[in-house]
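Overview (structure and organization)
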Amino acid sequence: MTLDFAVRRRRPELVGPARQTPRETKRLSDIEDQLGLRWHVPFVLFYRGRGRGAAAGGDDPAAVVRRALGEALVPYYPLAGRLREVEGRKLVVDCTGEGVVFVEADADVRLAELEAAGLMPPFPCMDQLLFDVDGSAAGVLNSPLLLIQVTRLRCGGFVFALRLNHTMCDAAGIVQFMRAVGELARGLPEPTIAPVWCREVLDARSPPRPSFPHHEYDPVPPSPSSFPPPADMVMRTFTFGPDHVAAIKKGLSSLAQLGGRKGKATTFEALAAFIWRARTAALEIPADEDTRLVIAASVRGVRDLALPAGYYGNACVYPAAVATAGALRGGGGALGDAAELVREAKRTAVSAEYVRSTADLMALRERPFMAMGNMFIVSDNRHAGFLHVDFGWGEPVYGGPAGALFVLSFIVAVRNGDGGEDAIAVPIELPRTAMERFASEVKMLLC
């Protein structure tokens, strides 16, 4: 179902910290200033018009959020600064207090209409709900680190959209900031979690000494199938309910027993393997070419790293599962083998030594880009906390990434209807003909 509506925006403004903040320079870690994170990632949250906002200073969500944003940027003052590059392509933040871009808008549409159109990526008029303000995304240097747009809906609900310079935060980190804005919007005197910078914890050792092969950064040239023409790209979200996930896991368990493998696949391992296989088949990648599934693996829980509570930087590494396209598309236990590769990559990565090895590699090779040959990245955002960001109007109907890229998809927690069962959404971007084949693969594999 298509839906068109008008969005009227006020002039963009810079919102800085509400009070004086330190003027200093802060270094990013050697994990987070790599080339693969030097882009702006969009998120969006949709809220119903059942406000408790009046008790926190007003019924207008744009005004409430704007005030709270200025307050939140006091403890989170690096987000109000600007990035620059120093020797060795190292990124640092000049904490200038210049502020983040804020846009106030009104849309001639109701949330019920958006839900009827399908509250999943690609969202209708997303370019208007998160307007690309001139000069706000001209690379990652010397430009605002956040762009936020609050769009009021005709029903009293609103849309909170945010674009993040990814070098500054991962999903969990930006959710921590948004929840701080929400707490201040609801009238709390300060955020319940105090932000911690502490990026040096994820710096390279001296001297750097990588101890893993890191296939995710192999110097592999892209193949013709790695970058199809952008003009024919389409995006579609595939939703997996509990029954779908159970069916995939059951099939994997049967394959594991037949192949002598031990252990049950997690939901992430099962879904990542399932999507990797279907996508490889849909793109018709030659059987002898390697394909790479890169996993955005959070290391916040790795005890030996001792990341402090309140750390809001990037705390992910990106291990790769590698298999030929022919092996992935093969019959028999191919899906089970893919799940084992995902599990092994994830298990290896979630260790302090792997993280330090990654930081060492970044320092030695001046922050290389990931191997682009038949690469596909999957980022699990289900536990980042988007569905718990409350600005005084309750929890969002949808909260998470605003879409996908050809090389990047997200696993997102969603709810099937108001109060309905929990489900998982996976936005995918593919060439049109490949999308048709992907949908057929998904349907066939779920039968």
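Residues numbered from 1 in each chain as written. Predicted model: local features only at pLDDT ≥ 70, side-chain atom pairs only at ≥ 80, totals over all residues. Heavy atoms only, no water.

According to UniProt, the comment filed for the protein chain under the heading Sequence similarities (unreviewed entry) is "Belongs to the plant acyltransferase family." (UniProt positions renumbered as here; feature names shortened; annotations may be inferred.)

**Here we look at the domain arrangement of the protein chain**
Partitioning the protein chain into structural domains gives domain 1 (7-202) and domain 2 (215-446). For domain 1 and domain 2, the distance between their C-alpha centroids amounts to 25 Å. Every contact between the two is made by 71 residues of domain 1 and, on the other side, 55 residues of domain 2. Buried surface at the junction of domain 1 and domain 2, summed over both partners, amounts to about 5,200 Å²; 64% is from carbon and sulfur atoms. At the junction of domain 1 with domain 2, the criterion picks out three salt bridges. Between Asp170 and Arg300 there is a salt bridge, with the nearest N and O atoms lying 2.6 Å from each other. Broken down by element, the side of domain 1 that touches domain 2 gets its largest block of residues, 11 residues, from helix α4 (residues 171-185). (Domains from an automatic or database assignment. Contact = heavy atoms within 4.5 Å. Buried area = accessible area lost by both parts, 1.4 Å probe. Salt bridge = Lys/Arg side-chain N within 4 Å of Asp/Glu carboxyl O. Helix = DSSP H or I, 4+ residues; strand = E, 2+ residues; numbered from the N terminus.)

**Focus: the sheet that holds strand β5 (residues 82-86)**
In spatial order, the strands read β3-β6-β5; together these three strands make up an open sheet with antiparallel pairing. Strand pairing shows two members of the sheet lacking a second neighbour, β3 (25-27) and β5, which therefore form its edges. Ignoring which end each strand starts from, the neighbouring axes of this sheet average 35 degrees apart. Across five bridges, the pairing between β5 and strand β6 (residues 90-94) is antiparallel. Bridged to Arg82 within β6 is Asp94. (Pairing = 2+ DSSP bridges. Axes fitted to C-alpha atoms, helices over the stretch in contact; angles between N-to-C directions.)

**Things to note about unusual backbone geometry**
Of note, the amide linkage connecting Pro121 to Pro122 takes the cis form, showing an omega dihedral of 0 degrees. Mapped onto the elements, Pro122 comes out in the loop between α2 (111-117) and α3 (126-129). A cis amide bond, omega 0 degrees, links Ser206 with the succeeding residue Pro207. Mapped onto the secondary structure, Pro207 falls in the loop between α4 and β10 (233-240). Backbone geometry at Cys198 places phi at a positive 50 degrees, although glycine is not the residue there.

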